[in-house]
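# Architecture at a glance
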Protein chains: 2
Amino acid sequence: MATPIQENLVKSNQEYAAGFKDGDLALPPSKKYAVVTCMDARIDPASAFGISLGDAHVIRNAGGSAHEALRSLVISEQLLGTTEILLIKHSGCGMLTFQNQDAHGVVAKNLGAQAEAELEGLDFLPFPDLDQGVKDDVTFLKGSKAIPDSVAISGWVYEVETGKVRHVA
Amino acid sequence: MATPIQENLVKSNQEYAAGFKDGDLALPPSKKYAVVTCMDARIDPASAFGISLGDAHVIRNAGGSAHEALRSLVISEQLLGTTEILLIKHSGCGMLTFQNQDAHGVVAKNLGAQAEAELEGLDFLPFPDLDQGVKDDVTFLKGSKAIPDSVAISGWVYEVETGKVRHVA
């Protein structure tokens, strides 16, 4: 039996598909860029960052980690022709609120030893300072040999309280 | 000097922020679920999957890999209270078109030995069959001890040609 969340997906998608007119867009992003941002529920990249359908790759993970995004970014650039990266972290990020040992402790307490063993050594990639986190990720991407120097890389903060972005790096 | 992509971000965001009224949303997703999907430019999860601002975590990477998303999913569930996962891959995915050795070959050819050394052993996570890829990722998540059995997990395909989703697993 479908859950309410699954029912919402099916019903909302039926309405979307009924008016869908973009079935001929090409695989490579037309504006040749990639955005890396957080999975946070309060971010709608298309609306907040001006991304139309077909424009750009959008990579999202907990914290908007450039390290975890590197695989996707290499595919984006080397196989699909993008030439620019916008890295956008955000205010109020959950990743600012804990350390690795806290997350591992929660897993062990809630899920038990087998779960904690499966995640042993996992870096949950928290970061203690927002602006510094953006700068560090931009520095990492600029230093990576897997991202050519010709790729433009910039770092931003999105404020979930105001809907505004500001340039950081 | 700002690139045209950066100028678009700033200008589009100014318009978005001018009408922004959702500054008081809570950090945990209000509908308590997470979506894992691909970075593909032809997917707008909010519109196509019926996700309103604040509803759900949205995790996106090349191919919509559940393996790479596991870190984010554990944070989503254990620290931010979500209890359901929708895994949605899509037709026409670039990850269906190459093998690991191809991607490593392109990196070595375009970026040189230092770049390839940095990515040595990296699994780019391509998959040869779409529906099987969805089933495999659902099986992986259901088998992971880090995702409790109480979490509802379903797998879907989004058709970029029609805008429609269909249930797979």
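It should be emphasised that the depicted structure is a prediction, and the values quoted were computed from it without experimental measurement.

This next bit is on the relation of the copies chain A and chain B. After a rotation of 180° and a shift along the axis of 0.0 Å, chain A superposes on chain B with an RMSD of 0.0 Å. Such values leave the two copies arranged in the relation of a two-fold axis. Among all residues of chain A, the one whose C-alpha sits closest to the rotation axis is Arg60 of chain A, at a distance of 2.3 Å. The overlap is high: 100% of the interface residues of chain A also sit at the interface in chain B, so the same surface is used on both sides.

Quick look at helix H1 (residues 4–18) of chain A now. Under the 1.5 Å per step criterion, the end-to-end length of H1 of chain A is 21 Å for 15 residues, consistent within 8% with the ideal 21 Å. Within H1 of chain A the residues assigned to the buried category are Ile5, Gln6, Leu9, Ser12, Asn13, Tyr16 and Ala17 of chain A. Angular distribution of buried residues about the axis of H1 of chain A spans 135°; they occupy a single face of the element. Set apart from the buried face of H1 of chain A by more than 90 degrees, the exposed residues are Pro4, Lys11, Gln14, Glu15 and Ala18 of chain A. As for H1 of chain A, its buried residues are in contact with strand S1 (33–38), helix H2 (45–49), strand S3 (84–90), strand S4 (152–158) and strand S5 (165–167) of chain B.

Two faces make up the sheet, and in a regular strand the side chains alternate between them. All names here are of chain A. Burial analysis of strand S4 (residues 152–158) places six of its seven residues in the buried class, the great majority of the element. Bridging between strand S3 (residues 84–90) and S4 involves seven bridges; their strand directions are parallel. Bridge assignment links Lys89 to a residue of S4, and that residue is Val157. Relative to strand S5 (residues 165–167), S4 runs antiparallel, the two being bridged by three bridges.

This brings us to the packing of helix H3 (residues 66–79) of chain B against helix H6 (residues 130–143) of chain B. All names here are of chain B. The interhelical angle for the contact between H3 and H6, taken along N-to-C directions, is 40°, at an axis separation of 10 Å. In the packing of H3 onto H6, the handedness of the crossing is right-handed. Of the residues in H6, those in contact with Ala66, His67, Leu70 and Leu73 of H3 are Asp137, Phe140 and Leu141. Classifying every residue of the contact of H3 with H6 gives five nonpolar, one polar and one charged.

Time to look at the environment of Ala56 of chain A. By the element assignment, Ala56 of chain A lies in strand S2 (residues 56–61). Judged by its relative accessible area of 2%, Ala56 of chain A falls in the buried class. C-alpha of Ala56 of chain A to C-alpha of Pro28 of chain A: the two residues are 28 residues apart in sequence and 8.3 Å apart in space. If sequence neighbours within four positions are ignored, Ala56 of chain A has contacts with Pro29, Tyr33 and Ile51 of chain A together with Met39 and Ala41 of chain B.

With that settled, the discussion passes to the UniProt feature "binding site: Zn(2+)" (unreviewed entry) in chain A. Cross-referencing UniProt, the feature "binding site: Zn(2+)" (unreviewed entry) maps to Cys38, Asp40, His90 and Cys93 of chain A in the present numbering. In summary, the annotated positions, though distributed over 56 residues, converge in three dimensions, the widest C-alpha pair being only 8.7 Å. Of note, Cys38 of chain A is situated in strand S1 (residues 33–38). In this structure Cys38 of chain A comes out as buried when scored by relative accessible area, which is 4%. The contact partners of Cys38 of chain A, leaving out residues within four places of it in the chain, are Ile43, Arg60, Asn61, Ala62, Gly63, Gly64, Ile88, His90 and Cys93 of chain A. Position of Asp40 of chain A among the secondary structure elements: in the loop between S1 and helix H2 (45–49). What makes Asp40 of chain A buried here is its relative accessible area of 2%. With residues near it in sequence (within four places) discarded, Asp40 of chain A still touches Arg60 and His90 of chain A together with Leu27 and His57 of chain B.

So, about the interface of chain A and chain B. On the chain B side, the residues contacting the 84 residues of chain A number 84 residues. For the chain A and chain B pair, buried surface summed over both sides reaches about 7,000 Å², with 64% attributable to carbon and sulfur atoms. Measuring nitrogen to oxygen at the nearest pair gives 2.7 Å for the salt bridge that ties Arg71 of chain B to Glu68 of chain A. In this structure, the connection of chain A to chain B is made through 37 residue pairs in polar contact (both at pLDDT 80 or more). Looking at the side of chain A that touches chain B, the elements that each hand over two or more residues are H1, H2, S2, helix H3 (66–79), S3, helix H4 (100–111), helix H5 (113–118) and S4 of chain A. Within the side of chain A that touches chain B, the residues separate by chemical class into 46 nonpolar, 23 polar and 15 charged.

Moving on, we get to the packing of aromatic side chains. Evaluation of the coordinates by the stated rule reveals four aromatic pairs over all chains. With centroids separated by 5.7 Å and ring planes inclined at 50°, the aromatic side chains of Tyr16 of chain B and Phe20 of chain B adopt a geometry described as tilted. A relative accessible area of 18% means that Tyr16 of chain B is categorised as buried. Among the residues examined, Phe20 of chain B registers a relative accessible area of 15% and is labelled buried. Judged by centre distance (5.6 Å) and plane angle (85°), the ring pair of Phe49 of chain B and Tyr158 of chain B falls under edge-to-face. In this pair, Phe49 of chain B is assigned in helix H2 and Tyr158 of chain B in strand S4, connecting sequence segments 109 residues apart. The exposure classification of Phe49 of chain B matches that of Tyr158 of chain B, with both residues buried. Over the ring of Phe127 of chain A we find Lys89 of chain A, and its NZ or CZ is 4.5 Å from the ring centre.

How each quantity is defined
Here, residues in each chain are numbered from 1, in the same order as that chain's written sequence. Starting at A for chains and at 1 for ligands, labels are handed out in the order in which the entities are written. A pLDDT threshold of at least 70 governs which residues receive local features in this predicted model, and a stricter bar of 80 or more applies before side-chain atom pairs are shown or counted, although totals over entire chains, interfaces and linings include all residues. The side-chain values count all of the structure's non-hydrogen atoms but skip hydrogen atoms and water molecules. Copy-to-copy alignment: least squares on C-alpha atoms, limited to residues at pLDDT 70 or above in both. When checking whether two residues touch, look at their non-hydrogen atoms; a contact exists if any pair is within 4.5 Å. Under the scheme used here, helices are H or I runs from DSSP no shorter than 4 residues and strands are E runs no shorter than 2 residues, and both carry numbers assigned from the N terminus. Working rule for helices: expected span equals 1.5 Å times residues minus one. For each residue, the accessible area found with a 1.4 Å probe, counting protein chains only, is set against the maximum for its type, and the residue is called buried under 20%, exposed over 50%, and partly exposed in between. Directions pointing from the helix axis toward each C-beta atom define the arc. A pair of strands is labelled paired if DSSP reports no fewer than 2 bridges between them. An axis is simply a line fitted to the C-alpha atoms; with a helix, the fit covers only the stretch in contact. Between two such axes, the angle follows the N-to-C directions and lies from 0 to 180 degrees. Whether a crossing is left-handed or right-handed is set by the direction in which the near helix is turned from the far one by less than a right angle, anticlockwise for left-handed and clockwise for right-handed. When residue character is reported, Ala, Val, Leu, Ile, Met, Phe, Trp, Tyr, Cys and Pro are called nonpolar, Asp, Glu, Lys and Arg charged, and the others, Gly included, polar. UniProt positions are given in the numbering used here, feature names are shortened, and annotations may be inferred rather than shown by experiment. Accessible area that two parts lose when put together, evaluated with a 1.4 Å probe and summed over both, is termed the buried area. Here a salt bridge means any side-chain nitrogen of Lys or Arg lying within 4 Å of a carboxyl oxygen belonging to Asp or Glu. Pairs of N or O atoms are called polar contacts if they sit within 3.5 Å, as long as, within protein, a hydrogen donor faces a hydrogen acceptor (for residues adjacent in sequence, only side-chain-to-side-chain pairs). Aromatic pairing here means that ring centres of Phe, Tyr or Trp (its six-membered ring) are within 6.5 Å. Orientation follows from the plane angle: under 30 degrees is stacked, over 60 is edge-to-face, and everything else is tilted. Only when the NZ of Lys or the CZ of Arg is both within 6 Å of the ring centre and within 35 degrees of the ring normal is a charge said to sit over the ring.

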